[in-house]
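# Remarks on the overall topology
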Amino acid sequence: MRIGVPKEIKNQEYRVGLTPDSVQEIVARGHEVFVETQAGAGIRADDAVYEAAGARILGSAAEIFDTAEMIVKVKEPQAVERAMLRPDHILFTYLHLAPDAPQTADLVKSGATCIAYETVQGMEGGLPLLAPMSQVAGRLAVTAGATALERANGGVGILIGGVPGVAPAKVVVIGGGVVGSNCITMALGLGADVTVLDRNVTVLAHLSQTFGPALKTVYSTKAALEQYVMDADMVVGAVLVPGAAAPKLVSADMVKRMKPGAVLVDVAIDQGGCFATSKPTTHSEPTYIVDEVVHYCVANMPGAVPRTSAYALNNATLPFTLALADKGAKQALLDDPLFLPGLNVHAGMITCEAVASALGYDYVDPKTALETKVSKAA
């Protein structure tokens, strides 16, 4: 199979779909890999490194899309990239379609087979291709929030860990999954006063056993959520409904009543955000202020540490990329019931129920869609 890796063009996105190590593995299986020039610059891997791994370097994204049967990316395709998709393309990347009607419409129109990292399932119900970036984002959320707490950045002027004789910041984490647990690791490590809210008692019990009495665990009711958000110096939104838009857990009225100089970090912004006042920001302008509350809502947080992120992501995605290359999309997806939920769009059909529900499309079961009409690349 001919596999293409375009340079990421989202604002300040420095990750790359395939690392040189992954390219070497794919080429060793008899496939061809085409990499856009300077696609790996953000991870300090120049064209010569990719060529040494067996890739061919092409001069533009247009050449990549024209040559490749499968496109491997990190972030969702931007409008100019979506215009280059064909019905015989396989697209393998993060998509986050539920809050993104224009992207969804373009992918449906393209006829391509579009597989989303974030909806591939794990053996025990987890999301193995989302987990590495959730780990990175969870850890970054705390350091970003700590910076936003500084007075010069609009924050209240609290050092997250305090100092002897001065209390640390009160950090509230909403959601105890992969993002949340990594937030907790970082916040406790920095000496913060940390509380996590979740509606799953088993998750709370696990977190309590993992972190001990240093972590406060609270069952998340509306009353509890409001109480802890009002008292927080930093709130990290770490909720996830796989494939669906994030629920708005903190209302605009709650934000208005928060402490002046408090910080909201919305890690769920890729899925529309879990704070009513959230809107996507970039690494160049990461924060804004609403009602004296600092909002950090960068939509590609792991892009700030692209080398760590790209290698962590490839460790998880490479087996699936190889399966697609070796077998084609149809067979690879049908052979693996955990991979099959990754299919979001195929031949003009929406095959992710959460996306269909969020955006008003008819839902087609992915297995049915693949058997109804198979793309040329499959």
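Residues numbered from 1 in each chain as written. Predicted model: local features only at pLDDT ≥ 70, side-chain atom pairs only at ≥ 80, totals over all residues. Heavy atoms only, no water.

### Describing the pattern of salt bridges
In total, this model carries 16 salt bridges according to the counting rule given. The residue Lys 10 makes a salt bridge to Glu 76 at a minimum N-O spacing of 2.7 Å. A residue pair is termed long-range when its members are at least 10 positions apart, and Lys 10 in the loop between strand E1 (2-5) and helix H1 (20-28) and Glu 76 in the loop between strand E4 (70-72) and helix H4 (79-82) qualify at 66 residues. Residues Lys 10 and Glu 76 agree in their burial class; the two are buried. Between Asp 335 and Lys 327 there is a salt bridge whose closest N-O contact spans 3.1 Å. In this structure Asp 335 comes out as partly exposed when scored by relative accessible area, which is 40%. Shared partners join several salt bridges into a network, and the residues in it are Lys 10, Lys 75, Glu 76 and Asp 270. (Salt bridge = Lys/Arg side-chain N within 4 Å of Asp/Glu carboxyl O. Helix = DSSP H or I, 4+ residues; strand = E, 2+ residues; numbered from the N terminus. Buried < 20%, exposed > 50% of the residue type's maximum accessible area, 1.4 Å probe, protein only.)

### Considering the sheet that holds strand E6 (residues 113-116)
The mixed open sheet is built from 8 strands, whose spatial order is E3-E2-E1-E4-E5-E6-E14-E15. The open sheet has two edge strands, strand E3 (56-58) and strand E15 (349-350), and neither has a second partner. Pairing between E6 and strand E14 (residues 343-346): 2 bridges, direction antiparallel. Its bridge partner being in E14, Cys 114 is matched across the sheet by Val 345. (Pairing = 2+ DSSP bridges.)

### Let's talk about the packing of H1 against helix H11 (residues 306-327)
Taken N-terminus to C-terminus, the directions of H1 and H11 make an angle of 15°; their axes are 10 Å apart at the nearest point. Of the possible angle classes, the one that applies to H1 and H11 is roughly parallel. Pair H1 / H11 crosses with right-handed handedness. Residues Pro 20, Asp 21, Ser 22, Glu 25 and Ile 26 of H1 form the contact with H11, whose own contacting residues are Tyr 311, Asn 314, Leu 318, Thr 321 and Leu 322. In the contact of H1 with H11, the residues fall into 5 nonpolar, 3 polar and 2 charged. (Axes fitted to C-alpha atoms, helices over the stretch in contact; angles between N-to-C directions. Parallel < 35°, antiparallel > 145°, perpendicular 65-115°, else oblique. Left-handed = near helix turned anticlockwise from the far one by under 90°. Contact = heavy atoms within 4.5 Å. Nonpolar A, V, L, I, M, F, W, Y, C, P; charged D, E, K, R; others polar.)

### So, the nonpolar core
Formed by 76 residues in total, the largest nonpolar core has its most connected members in Leu 324 and Phe 339. Examining the composition of this core, we find that 9 residues originate from one element, helix H6 (residues 131-148), more than from any other. Non-local contacts of Leu 324, meaning those with residues more than four positions away in its chain, are made with Met 1, Met 70, Ile 90, Phe 92, Ile 115, Ala 329, Ala 332 and Phe 339. The next biggest cluster of nonpolar side chains, apart from the first, holds 22 residues, and it includes Leu 197, Leu 225, Ala 232 and Val 239. (Core = buried A, V, L, I, M, F, W, Y, C linked by side-chain atoms within 4.5 Å.)

### Some details on the side chain of Lys 73
If you trace the backbone, Lys 73 turns up in the loop between E4 and H4. Note on Lys 73: relative accessible area 0%, which makes it buried. Once you skip the residues sitting within four places of it in the chain, Lys 73 turns out to touch Pro 6, Glu 8, Gly 17, Glu 81, Leu 91, Phe 92, Thr 93 and Tyr 117.

### Thoughts on the side chain of Glu 118
Structurally, Glu 118 can be placed in the loop between E6 and H6. With no salt bridge to any partner, buried Glu 118 finds its closest opposite charge in Lys 75, at an N-O distance of 7.9 Å. Excluding residues that lie within four positions of it along the chain, Glu 118 makes contacts with Thr 93, Tyr 94, Leu 95, His 96, Leu 97, Leu 127 and Leu 130. (Lys, Arg positive; Asp, Glu negative; His and termini not counted.)

### A look at the confidence of the model for the protein chain
The predicted model of the protein chain has a mean per-residue pLDDT of 95, with 98% of residues at 70 or higher. Of the regions scoring below 50 in pLDDT, residues 374-378 engages in 15 contacts with residues more than four places distant in sequence or in other chains. (pLDDT = per-residue confidence, 0-100.)

### Let's talk about the sheet that holds strand E13 (residues 293-296)
Sheet architecture is open: 7 strands sit in the order E9-E8-E7-E10-E11-E13-E12, paired in mixed fashion. At either end of the open sheet lies a strand with only one pairing partner, and these are strand E9 (215-219) and strand E12 (287-290). If you compare each strand with its neighbour and ignore which way they point, the axes differ by 20° on average. Sheet topology note: the strand E11 (residues 263-266)/E13 ladder contains 3 bridges and is parallel. Counterpart to Val 265 in the pairing with E13 is Tyr 296.

### A few points about the environment of Lys 367
As for its placement among the helices and strands, Lys 367 is situated in helix H14 (residues 366-372). As for Lys 367 and Leu 334, which are separated by 33 residues in sequence, their C-alpha atoms are 6.9 Å apart. Residues within four places of Lys 367 in sequence aside, it is in contact with Leu 334 and Leu 340.

### Side note on the pairing of strand E5 (residues 90-93)
Here E5 shows a buried face lined by Ile 90 and Phe 92 and a second buried face lined by Leu 91 and Thr 93. In the sheet, E5 pairs with E6 via 4 bridges, with the strands oriented parallel. The partner of Phe 92 across the bridge, within E6, is Ile 115.

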